[in-house]
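Residues per chain, in single letters:
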Amino acid sequence: PSGRKVSLSQVADVQDPIEVNGETTYEIHVVNQGSKAAVEVQLEALFPPELKPLDAEGPTRFTVEPNRVLFEALPKLAPKADTTYKIKVKGLRAGDSRMQVKLYSQDHATPITKEESTRVFGDE
């Protein structure tokens, strides 16, 4: 074992359900539970057509695209340290929408993935 264990400890939407054209913010907590620094920690969030990312904040710069938010890699996350990413989205269509978060790091061959669903309701 490498002593590195970075994980997605929480992916949660602050407000759920939301109405069509309403907004909510996803809070994503990333924790390094290992005894060594995690290297090149990168976060990507993917959104279905029903959810539109508007803005984000986090420990690194990011780009907001129509269906995804990509944060630049964090060079190091110290042992036992954590960091938080926030992504603001708008509900475009009624339904149960699932967003997906992918966490990449040098220590994982495949990304760690978590999903969170948000219910968007209309006036019907």
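Relevant structure appears above.
In this text, all values refer to a predicted model and were calculated from it rather than measured experimentally.

Tracing the sequence through the fold places Pro-111 in the loop between β10 (95-104) and β11 (112-121). Pro-111 sits in the partly exposed class, given a relative accessible area of 31%. Here the alpha-carbon distance between Pro-111 and Leu-51, two residues 60 residues apart in the chain, equals 22 Å. For Pro-111, the residues in contact, after removing those within four places along its chain, are Lys-102, Leu-103 and Tyr-104.

Tallied over the entire structure, the rule returns 7 salt bridges. Linking Arg-98 and Glu-115 is a salt bridge whose minimum nitrogen-to-oxygen distance equals 3.6 Å. Note that Arg-98 is positioned in strand β10 and Glu-115 in strand β11, a separation of 17 residues in sequence. When its relative accessible area of 43% is taken as the criterion, Glu-115 is described as partly exposed. Within this structure, Glu-44, Glu-65 and Arg-68 form a network of salt bridges that share partners.

Thresholds, definitions, all that
- Residues numbered from 1 in each chain as written.
- Predicted model: local features only at pLDDT ≥ 70, side-chain atom pairs only at ≥ 80, totals over all residues.
- Heavy atoms only, no water.
- Helix = DSSP H or I, 4+ residues; strand = E, 2+ residues; numbered from the N terminus.
- Buried < 20%, exposed > 50% of the residue type's maximum accessible area, 1.4 Å probe, protein only.
- Contact = heavy atoms within 4.5 Å.
- Salt bridge = Lys/Arg side-chain N within 4 Å of Asp/Glu carboxyl O.

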